[in-house]
Amino acid sequence: EGVEDEAIYELKGIVVHSGQFSFGHYYSFAKDPISGKWLKLDDDQVSEFDLADLESECFGGIQTTVNKWTNCVYKTEKTASAYMLFYQRQDLVIATPKKGPVTPGKDADVPVERVAALHLGDRGEDRHPAKGSEAEAAAGVDEILDTNEQMLRRSVLFDDGFSHFVLDYILSIHSVRGSLTPAEFSVALSVFHRSVLHSESHPRMVPNAENSLPDWSTTLTHLLSSSPQHCAALISMAIRPEGGPDDLPSALEGGVISCPVEDVRTCFCTLLCTAIRTLGARAGEVPEALEVLSELTDALVRAVPAASHAWRHMANFGTVFEAVAMQGPGAQDMLRGKDVVGLLIHLYLGPKSPGIPKLVKLATMGSTSWQASGRSDPDFDAILRTISLLLRGDPPLPRISEVMITNGSRQVAVRLCESDPMGGYGVDSEPLLLEMCRRSEPKLLQDAATNLVSQLDKSANEPPGRVRQSQCAQVVVRILAADANDPSWGNQHRWGGCVLPDQVEAIREQVVGQWLEWMRASSGKEASSRDGGQDRFRPTVRNLITAKRHAQTLVLAGADPCAARLLEECVEQWEWLSRYLVESLRRSPPAPPASKRPVDAMQVLSTMALSLTCARTQHLPSELLLASPDAAFACVKGVYRPEPAASQAPDTMAAPPLYSRTLDASTSFTLGKLILGGGSPIPGGEKQVWILSQTNGSGPGVVLATTVQCPAFPDKFPSAAAEWRLVPEAMRTVPIERLVSASLETAHLTFLAQWGEDQGYTRSRGVDYAE
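To keep things clear, this report deals only with the structure shown in the data block. All of these numbers come straight from a predicted model, not from anything done at the bench.

1. Overview of the overall build of the chain
The secondary structure content of the chain amounts to 25 helices and 19 strands. Each of the 771 residues in the chain was classed as buried or not, and the buried ones make up 45%. Expressed as a percentage of contacts within the chain between residues at least 6 apart in sequence, the contacts between residues at least 24 apart total 65%.

2. Looking at helix 8 (residues 251-258)
A large share of helix 8 lies buried, amounting to six of its eight residues. Within helix 8, the full set of buried residues consists of Ala251, Leu252, Gly255, Val256, Ile257 and Ser258.

3. Here's the deal with the pattern of salt bridges
Under the definition given, this model contains 17 salt bridges. Measuring nitrogen to oxygen at the nearest pair gives 2.9 Å for the salt bridge that ties Glu285 to Arg282. A relative accessible area of 42% means that Glu285 is categorised as partly exposed. Judged by its relative accessible area of 26%, Arg282 falls in the partly exposed class. Taking the shortest distance from any N to any O, the salt bridge between Asp447 and Lys443 comes out at 2.9 Å. On the criterion of helical spacing, the pair formed by Asp447 and Lys443 is a turn pair, its members being four residues apart in helix 18 (residues 442-455). A relative accessible area of 27% places Asp447 in the partly exposed class. You can call Lys443 partly exposed: its relative accessible area is 48%. Look at the salt bridges and you will find they share partners, linking Arg410, Glu441, Lys443 and Asp447 into a network.

4. Some words on the sheet that holds strand 2 (residues 24-31)
Backbone-to-backbone hydrogen bonds join strands into a sheet, with any given pair of strands oriented parallel or antiparallel. Pairing is antiparallel in the open sheet, where five strands are placed in the order 4-3-2-1-7. Each of the sheet's edge strands pairs with one partner strand only, and the pair in question is strand 4 (45-48) and strand 7 (80-89). Between one strand axis and the next, the sheet turns through 20° on average, direction left out of account. In terms of strand pairing, strand 1 (residues 9-19) meets strand 2 through seven bridges, oriented antiparallel.

5. Looking at the packing of aromatic side chains
Under the defined criterion, the tally for this structure stands at seven aromatic pairs. For the pair Tyr348 and Phe380, a centre-to-centre distance of 5.1 Å together with 85° between the ring planes defines the contact as edge-to-face. With a gap of 32 residues between them, Tyr348 in helix 14 (residues 340-349) and Phe380 in the loop between helix 14 and helix 15 (381-391) connect regions that are remote in the sequence. Each member of the pair, Tyr348 as well as Phe380, is classed as buried. Feature note: the residues Tyr27, Phe29 and Phe49 constitute an aromatic cluster, connected by ring pairs. We note Lys40 situated over the ring of Tyr27; from NZ or CZ to the ring centre the distance is 4.9 Å. Between Arg415 and the ring centre of Tyr348, over which it is positioned, the NZ or CZ distance is 4.4 Å.

6. Describing helix 21 (residues 544-558)
An ideal rise of 1.5 Å per residue puts 21 Å on 15 residues; helix 21 measures up with 21 Å between its terminal C-alpha atoms. Among the 15 residues that make up helix 21, 12 are buried, leaving the element largely enclosed by the rest of the structure. Buried within helix 21 are the following residues: Leu544, Ile545, Thr546, Ala547, Lys548, Arg549, His550, Ala551, Thr553, Leu554, Ala557 and Gly558.

7. Overview of unusual backbone geometry
Even without a glycine there, the phi angle at Asp43 is positive, about 55°. Phi is positive for Asp339, close to 60°, though the residue is something other than glycine. In this fold, Asp339 is placed in the loop between helix 13 (328-337) and helix 14. For Asp339, a relative accessible area of 17% translates into the label buried.

8. A look at the nonpolar core
If you look at the biggest cluster of nonpolar residues, it comprises 138 residues, and the most contacted ones within it are Phe317, Leu347 and Trp574. Per-element tally for this core: the top contributor is helix 9 (residues 262-281), with 10 residues. The next biggest cluster of nonpolar side chains, apart from the first, holds 18 residues, and it includes Leu624, Phe633, Leu692 and Ala705.

Cut-offs used in this document
Residues numbered from 1 in each chain as written. Predicted model: local features only at pLDDT ≥ 70, side-chain atom pairs only at ≥ 80, totals over all residues. Heavy atoms only, no water. Helix = DSSP H or I, 4+ residues; strand = E, 2+ residues; numbered from the N terminus. Buried < 20%, exposed > 50% of the residue type's maximum accessible area, 1.4 Å probe, protein only. Contact = heavy atoms within 4.5 Å. Salt bridge = Lys/Arg side-chain N within 4 Å of Asp/Glu carboxyl O. Pairing = 2+ DSSP bridges. Axes fitted to C-alpha atoms, helices over the stretch in contact; angles between N-to-C directions. Phe/Tyr/Trp six-rings, centres within 6.5 Å; stacked < 30°, edge-to-face > 60°. Lys NZ or Arg CZ within 6 Å of the ring centre and 35° of its normal. Expected span 1.5 Å × (residues − 1). Core = buried A, V, L, I, M, F, W, Y, C linked by side-chain atoms within 4.5 Å.

And the structure:
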């Protein structure tokens with residue numbers, strides 16, 4: 001009868017739960033009835049709360065954060081969400097009839113009971129609810145039920161028991177049938193991605209020494225290796241955007257780049273690379289194999305900006321690119337056609353990249369601290385190998401890539417000389433520094449060689465500096481061994497101003513002259529020509545560390561015929577170094593000056609090599625650097641340090657282990673020497689092998705690689721020229737006596753010794769000679 005009413009409720013309090021389904025913490029927000037201010041009540045802490053922050057504090061969802069130190073962007077699920085809401089009903093606003101206001105007790109048309117009923121919320125026939133309120137209430141109930149169902153589903157999905165059940169179910173199907181259908185493998189992938197990887201520390205994600213049950217990583221690796229169709233399914237799943245209201249990235253970006261947990265990134269990246277290799281090797285069984293790799297490349301290209309933000313994870317991102325590039329000429333042509341060469345050079349240079357409008361803008365990457373590997377973050381090893389592999393053979397490139405090489409060669413060369421001279425070197429690729437110098441003006445190669453030679457003389461007390469010096473020596477040797485008849489030099493038609501064949505010889509001779517000049521200048525003042533000028537190149541002040549470094553480089557260069565010919569022409573200028581090493585390392589009396597007869601360069605180099613061999617028998621170095629271009633040894637390579645017990649070993653053939661490197665809390669690598677035939681009645685019948693092994697947790701060690709057996713020698717670390725053999729996975733538990741006699745594949749491993757300048761050089765007669 002002309003009276004309309006509406007019940008109004010005001011929010012007065014919120015209970016928030018922060019945590020997960022099984023545990024967490026409760027706190028509240030409440031409105032002060034006196035001051036009207038909102039307060040946060042968290043245990044004994046009370047503080048004012050701005051209601052403008054209500055959505056970010058209580059609505060849950062996905063949050064995006066940027067680490068101000070690393071500049072990395074992370075998308076994570078909020079742990080805090082409203083759990084219970086408290087409302088207070090306000091007095092009803094009573095709409096009055098047309099004749100005037102309604103006053104209880106005065107207006108006979110509206111009795112007092114009616115007004116009281118309105119205030120008390122009586123829902124009698126006089127109450128007129130708003131239209132659609134019942135439908136809205138029903139929709140609200142459905143939404144609550146849907147939310148509860150989703151919570152229950154997620155609680156089951158993230159329960160370890162559920163993923164254990166699915167893994168055991170998949171294994172039982174495979175054991176009975178021998179294979180999985182696409183639908184069954186899709187279920188396994190979905191559970192692995194949404195449950196196992198997102199749990200961060202799943203007990204059966206990777207092999208665990210404390211758990212003998214099958215794990216997800218090994219199981220999926222076996223399934224992928226046996227079916228290229230499964231590989232295509234994994235790649236398609238990885239590049240498919242997650243979507244949803246929060247616009248989550250694809251599994252590729254989340255699992256390879258954005259994920260902050262290293263074990264999760266490594267596991268997912270390993271499976272993805274396994275799928276790429278299997279699909280490339282068995283592409284004939286999947287007609288759309290190259291198309292799948294092309295779509296994967298497009299996804300990687302789109303993820304480059306995210307990789308620049310999460311630059312600490314660059315190693316995983318580059319490994320996927322390298323895996324695609326290793327799948328033969330077809331995949332390499334596909335990568336070149338998508339301007340991947342120019343894009344990766346742009347990524348490597350970062351803000352210093354020459355500006356090309358079509359390329360994406362990148363974040364500032366890297367830190368000021370050098371790693372033990374000899375370079376600063378990020379780890380561009382795989383990226384550099386991919387670029388070098390795509391440039392091999394000087395193939396035609398799209399315009400953007402050619403412009404990037406033309407305009408960015410000097411920037412790339414400067415950065416490589418300063419941080420990673422051997423960057424890009426792999427089983428099938430040369431150091432990227434040489435690839436860039438081939439395509440630029442001759443002055444760039446000259447400047448790079450001068451920079452590298454000067455690095456050999458710098459005083460390096462820290463492992464990163466010594467590692468860079470070892471890499472500089474290897475590149476200098478490659479420049480000296482450059483063949484002017486190599487067609488990769490002087491492709492004038494493609495690259496304007498590049499190094500021509502006749503300029504290669506002049507640059508090599510210039511490098512030798514600069515090298516000899518540095519040796520004389522850094523070692524001290526020249527001696528007077530009191531011996532008739534025969535010893536004029538011999539310095540009076542010497543440094544044993546520098547002498548050994550130059551000697552190792554000379555011996556390494558002498559193994560190449562082209563470089564040996566250059567050194568032979570000026571042997572009188574560096575022959576003094578051999579005599580100095582004989583005096584310092586082999587305890588021989590001072591050698592007489594060289595006579596006027598011609599000096600045999602090969603004999604001098606042999607004497608140097610023997611002196612360095614004697615140095616290996618006298619004391620342990622500060623560390624050993626394991627260098628390998630093989631991607632299979634990506635986790636193995638690095639710095640190895642002597643075991644505490646080994647540092648006290650006598651000057652005899654000590655038992656292993658001697659050196660070790662810890663990868664994480666459960667994985668370590670050990671380098672040791674084993675003597676075979678110790679009880680042989682024949683003098684000198686003992687043989688020795690060096691063994692590289694891996695240990696997981698408390699389990700037994702497995703052999704990864706061994707050297708070729710040779711006569712036993714009391715050396716304290718393997719020679720840089722030692723021949724290594726790769727032990728296949730199926731034979732890693734075979735006794736070592738059988739391994740050394742088996743026919744094994746060659747392993748590309750090199751151990752370089754590094755001595756600290758702050759440590760004394762122990763002589764056999766107990767005399768400490770400070771280097």
